Structure formats: structure tokens, C-alpha cells
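Each chain is listed here by its residues.
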2 protein chains.
Amino acid sequence: MKAPASAPTTGSTAPPQEPRWLTDEEQRVWRWFMEGATLLDDHLDRQLQRDAGMPHVYYGLLVKLAEAPRRRLRMTELAMLAKITRSRLSHAIARLEKNGWVRREDCPDDKRGQFAVLTDEGLKVLRQTAPGHVEAVRQAVFDRLSQEQQKSLGEIMRIIAEGLQPAEAGADLPWLR
Amino acid sequence: MKAPASAPTTGSTAPPQEPRWLTDEEQRVWRWFMEGATLLDDHLDRQLQRDAGMPHVYYGLLVKLAEAPRRRLRMTELAMLAKITRSRLSHAIARLEKNGWVRREDCPDDKRGQFAVLTDEGLKVLRQTAPGHVEAVRQAVFDRLSQEQQKSLGEIMRIIAEGLQPAEAGADLPWLR
DNA sequence: GGCCCCTCCTTGAACTTTAAACAAATGGCC
DNA sequence: GGCCATTTGTTTAAAGTTCAAGGAGGGGCC
């Protein structure tokens with residue numbers, strides 16, 4: 001797919017606007033982004049699968065639970081924090097429960113509700129594997145970037161993340177699907 | 001998981017070094033990165049699944065093929081360009097072949113080899129769906145970032161991407177697995 | 001109360017990805 | 001030529017994710 005560097009706008013009222021193609025420079029940025037993100041994802045998934053026996057997303061769930069009061073969170077709340085769908089979370093928690101790292105608990109206030117609770121076992125696994133994971137993240141990311149770049153990266157990704165979860169009702173957010 | 005802001009180094013020769021935890025600031029950067037990447041991935045996957053009937057990765061494969069001479073690439077070459085494993089690629093191409101968007105061809109020079117070839121059908125789908133996809137990428141990323149930020153992002157992700165695919169032999173690269 | 005719509009979470013099937021094993025062909029080496 | 005390690009790509013099964021559907025409870029409204 002050749003992406004023309006730029007293109008004239010169409011004359012007047014036609015809905016099929018001329019696409020706003022990416023410039024060569026934008027194209028390069030986008031490709032580095034996708035490559036970096038893909039490789040990083042693969043790298044961390046592999047590291048955690050090897051050392052902790054779970055994918056990166058599952059590890060992230062344990063982290064969120066560990067940080068929460070009483071090491072527990074409502075399912076929807078956890079899905080929101082992890083930016084995933086409730087369905088995906090249900091399956092994930094089922095697996096983690098089978099491992100004995102998480103347990104479910106009924107919510108007293110709302111009979112529809114469920115808490116996911118990090119078990120002592122789960123906390124132990126997290127403690128054991130956290131150092132290796134942090135090290136992997138450091139080596140892949142922070143050790144390679146200047147202070148400036150780290151700050152930029154945070155700011156940029158914050159903008160993207162916030163752009164994708166608008167406050168408006170009706171937004172297509174994973175945890176509301 | 002609480003991540004201490006910093007920690008003293010261990011005395012001398014003990015292998016289990018004190019983990020180099022992330023500082024609060026690094027922690028924030030890392031979380032925005034993961035959130036942004038997760039949401040973006042979800043967003044684009046969904047957009048393409050809806051409008052093109054395939055996941056983002058598959059779309060990327062068609063793009064690579066469209067850019068290649070004679071619209072064809074060797075399997076391993078394509079896996080390398082897409083930063084994925086050959087196994088994953090095999091499955092993906094099988095699916096795209098079933099759709100009639102890609103066809104396989106034997107390599108004359110190397111009887112083990114296979115070409116993945118973009119069909120006219122595949123090219124058509126790409127042409128039809130590219131505008132919508134570019135627009136989605138723009139809205140989510142480029143429209144929200146300054147020129148400066150775009151440049152930074154490219155540079156940063158290039159560093160990360162290159163760091164994860166060292167030239168050395170024995171590197172754990174997806175397409176060599 | 002009864003009704004209706006919405007939220008919370010789960011389920012099963014279809015699809016995608018990973019992991020491990022494999023067949024076939026290549027290429028270096030003797 | 002013959003041998004052996006490596007490369008190429010596929011295959012199978014298991015694991016993970018998405019999609020569509022659904023059960024059950026909450027909460028407003030009459």
C-alpha cells in the first residue's frame with residue numbers, strides 16, 4: 001500500500017473525503033511505534049510466561065489487586081484499571097483462581113457483584129517474580145532513554161490513553177462492552 | 001505490589017541483587033505507556049475487525065505484501081517485517097488465503113520456501129479499507145500530538161525496537177523461533 | 001407491588017496465538 | 001557422494017481472546 005505524502009482536499013460537499021494519508025515522516029513514526037510495541041509486548045509476555053507462568057496481562061491483574069485495599073477489587077473495577085473487557089477478565093480470573101493466586105468473593109452490598117481477591121499464594125508469586133520483571137522493563141525501556149525522553153513518553157502515552165477513553169457516555173470502552 | 005522508590009545496593013558479591021525498582025515517576029510513565037498501548041491496540045483491532053473483517057496484525061501483513069516487489073514475500077521475511085513468529089504467520093496466511101486475499105506460491109530457488117502473494121482481491125480490500133484505518137490512527141495519535149511529540153515518539157520507539165532486536169547471533173527474535 | 005431497563009458478570013463457541021514437535025531441503029564439511 | 005547441523009515452513013494441541021447471548025439483581029417509575 002503506497003501512502004501518498006499528501007493530497008488535495010475534495011471540492012465541496014462529497015462525504016467520501018480524500019483520505020488524510022500519513023506523510024512519510026508520520027509513516028516512519030507509526031512504524032517504529034508498532035514495531036516497538038509489538039516487540040516489547042512479545043518480550044515481556046515471554047519473560048513472564050517463563051518466570052511467572054502467566055502472560056503479561058495476568059501479571060498486571062495481580063499487581064492491581066496487590067495495590068488495592070484489602071487486596072480485592074470488583075470485577076468491573078479491575079477490568080477498568082486493566083483496560084480490558086469484563087469477559088476477558090472473567091476468563092483470566094478463572095485461570096488465576098485455578099492456580100490458587102486469586103479467589104472470588106461475593107459482594108455483600110450488591111448480589112450481582114464479585115470481588116477478585118489476591119491470595120497469599122498470589123502475593124508470594126508476585127513478590128518472587130517482580131524483581132525479574134522490573135529488570136526486564138528497565139533493560140528494554142528505561143535504561144535506554146534519557147530523562148527527557150522518559151518524560152516525553154509518559155506525556156505522549158497519557159494523551160493517547162486519555163483520548164481513547166473520553167468522559168462522554170456512549171464511549172466504546174472495553175470494560176463497558 | 002508496592003514498588004519502593006529506590007533502594008540501597010547490596011554490599012558486594014551476592015548474586016540476588018536488590019532489584020532496581022521503578023521510581024514513582026518511572027512507574028507513572030510505564031503505566032501510561034501500558035494503558036495507551038493497550039487501549040490503542042484494542043481500538044485499532046476493533047476498527048479493522050469491523051471495517052475490514054480482520055485483526056490489525058493481519059491488515060499489517062497485507063500492507064507489507066502490497067509494498068513488496070511483485071506483491072510477494074517469503075514467509076520468514078514477512079514474519080521479520082511484521083515482528084511475529086513464523087508459526088503465527090503460517091496460521092494468519094492460512095486464514096487470509098481462505099479469504100482469497102493472499103495466495104501461496106512455491107519458491108523456485110529453494111524448495112523449502114514459500115511466497116505469500118497478495119491477490120487482486122486482497123489489494124482491493126486494502127484500498128477500500130485503508131482510508132478508514134488511516135483516519136482512525138490519525139484521530140487516536142497524530143491529531144493529538146505536536147510535531148515535537150511525534151518526532152520524540154518515533155525516536156523513542158525506534159530505540160526500544162532496535163534494543164529488542166540486537167544484531168548478535170542467538171538473540172531471541174520471534175521470526176527465528 | 002409490578003414493570004421495564006440497565007448493570008454485573010459469566011458462559012460457550014469461534015477465532016487467534018503460543019509452544020513443541022516435525023518433515024523436508026539446504027549447505028558446509030569430510 | 002555421505003553426513004550432520006541448520007534453515008524453512010507447517011502442524012497439532014493447549015491457552016488465551018473475542019463475540020454474542022443470557023441469567024440475575026438493582027433501581028426508577030407507575
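This write-up is about the structure you can find in this document. (Residues numbered from 1 in each chain as written. Chains lettered and ligands numbered in written order. Predicted model: local features only at pLDDT ≥ 70, side-chain atom pairs only at ≥ 80, totals over all residues. Heavy atoms only, no water.)

## Things to note about the protein's contact with DNA strand C
So, point 1. Around DNA strand C sit 21 residues in total, of which Thr76, Ser90, Arg104 and Arg112 of chain A together with Arg88 of chain B are the nearest.
So, point 2. Among the atoms of DNA strand C close to the protein, meaning within 4 Å, 68% are from sugar or phosphate groups.
So, point 3. Separating a base oxygen of DNA strand C from a side-chain N or O atom of His91 of chain A is a distance of 2.9 Å.
So, point 4. Between DNA strand C and Arg112 of chain A, the relevant distance is 2.6 Å, taken from a base oxygen to a side-chain nitrogen or oxygen of the residue.
So, point 5. Those elements giving two or more residues to the surface near DNA strand C turn out to be α1 (24–52), α3 (75–82) and α4 (86–98) of chain A together with α4 (86–99) of chain B.
So, point 6. For the surface near DNA strand C, the residue count by class is two nonpolar, nine polar and ten charged. (Near = heavy atom within 4 Å. Polar contact = N/O pair within 3.5 Å; in protein donor to acceptor, adjacent residues only side chain to side chain. Helix = DSSP H or I, 4+ residues; strand = E, 2+ residues; numbered from the N terminus. Nonpolar A, V, L, I, M, F, W, Y, C, P; charged D, E, K, R; others polar.)

## Observations regarding the sheet that holds strand β1 (residues 72–74) of chain B
Residues and elements named next belong to chain B.
So, point 1. Taking strand neighbours across the sheet as the criterion, the three strands line up as β1-β3-β2 in an open arrangement whose pairing is antiparallel. Unpaired on one side and paired on the other, β1 and β2 (102–106) mark the two borders of the sheet. Put simply, the sheet's adjacent strands are angled 30 degrees from each other on average, direction ignored.
So, point 2. Across the face of the sheet, helix α3 (residues 75–82) comes into contact with β1, β2 and β3 (114–118) while running at roughly 95 degrees to β1. (Pairing = 2+ DSSP bridges. Axes fitted to C-alpha atoms, helices over the stretch in contact; angles between N-to-C directions. Contact = heavy atoms within 4.5 Å.)

## A closer look at the packing of helix α2 (residues 56–67) of chain B against α3 of chain B
All names here are of chain B.
So, point 1. Interhelical geometry of α2 versus α3 gives an angle of 120 degrees and a closest axis separation of 10 Å. Crossing of α2 against α3: the hand is right-handed. Residue-level inspection shows Leu61, Lys64 and Leu65 of α2 in contact with α3, the latter providing Leu78, Leu81 and Ala82.
So, point 2. Partitioning the contact of α2 with α3 into residue classes produces five nonpolar, no polar and one charged. (Left-handed = near helix turned anticlockwise from the far one by under 90°.)

## Considerations on the protein's contact with DNA strand D
So, point 1. In the neighbourhood of DNA strand D, 22 residues make up the surrounding shell, with Arg88 of chain A together with Thr76, Ser90, Arg104 and Arg112 of chain B lying closest.
So, point 2. Put simply, 64% of the atoms of DNA strand D that lie within 4 Å of the protein are in sugar or phosphate.
So, point 3. Ser90 of chain B places a side-chain nitrogen or oxygen 2.5 Å from a phosphate oxygen of DNA strand D.
So, point 4. When residues of the surface near DNA strand D are traced back to their parent elements, those giving at least two are α4 of chain A together with α1 (24–52), α3 and α4 of chain B.
So, point 5. Tallied by class, residues from the surface near DNA strand D come to three nonpolar, nine polar and ten charged.

## Regarding the packing of aromatic side chains
So, point 1. Using the criterion set out here, one finds three aromatic pairs over all chains in the structure.
So, point 2. Each ring, one from Trp30 of chain B and one from Phe33 of chain B, has its centre 5.6 Å from the other, and the planes form 10 degrees; the classification is stacked. One end of the pair is Trp30 of chain B and the other is Phe33 of chain B, both in helix α1 and three residues apart, which spans about a single turn. For the pair formed by Trp30 of chain B and Phe33 of chain B, the shared burial category is buried.
So, point 3. By way of ring pairs, the aromatic residues Trp30 and Phe33 of chain A together with Phe142 of chain B are connected into one cluster. (Phe/Tyr/Trp six-rings, centres within 6.5 Å; stacked < 30°, edge-to-face > 60°. Buried < 20%, exposed > 50% of the residue type's maximum accessible area, 1.4 Å probe, protein only.)

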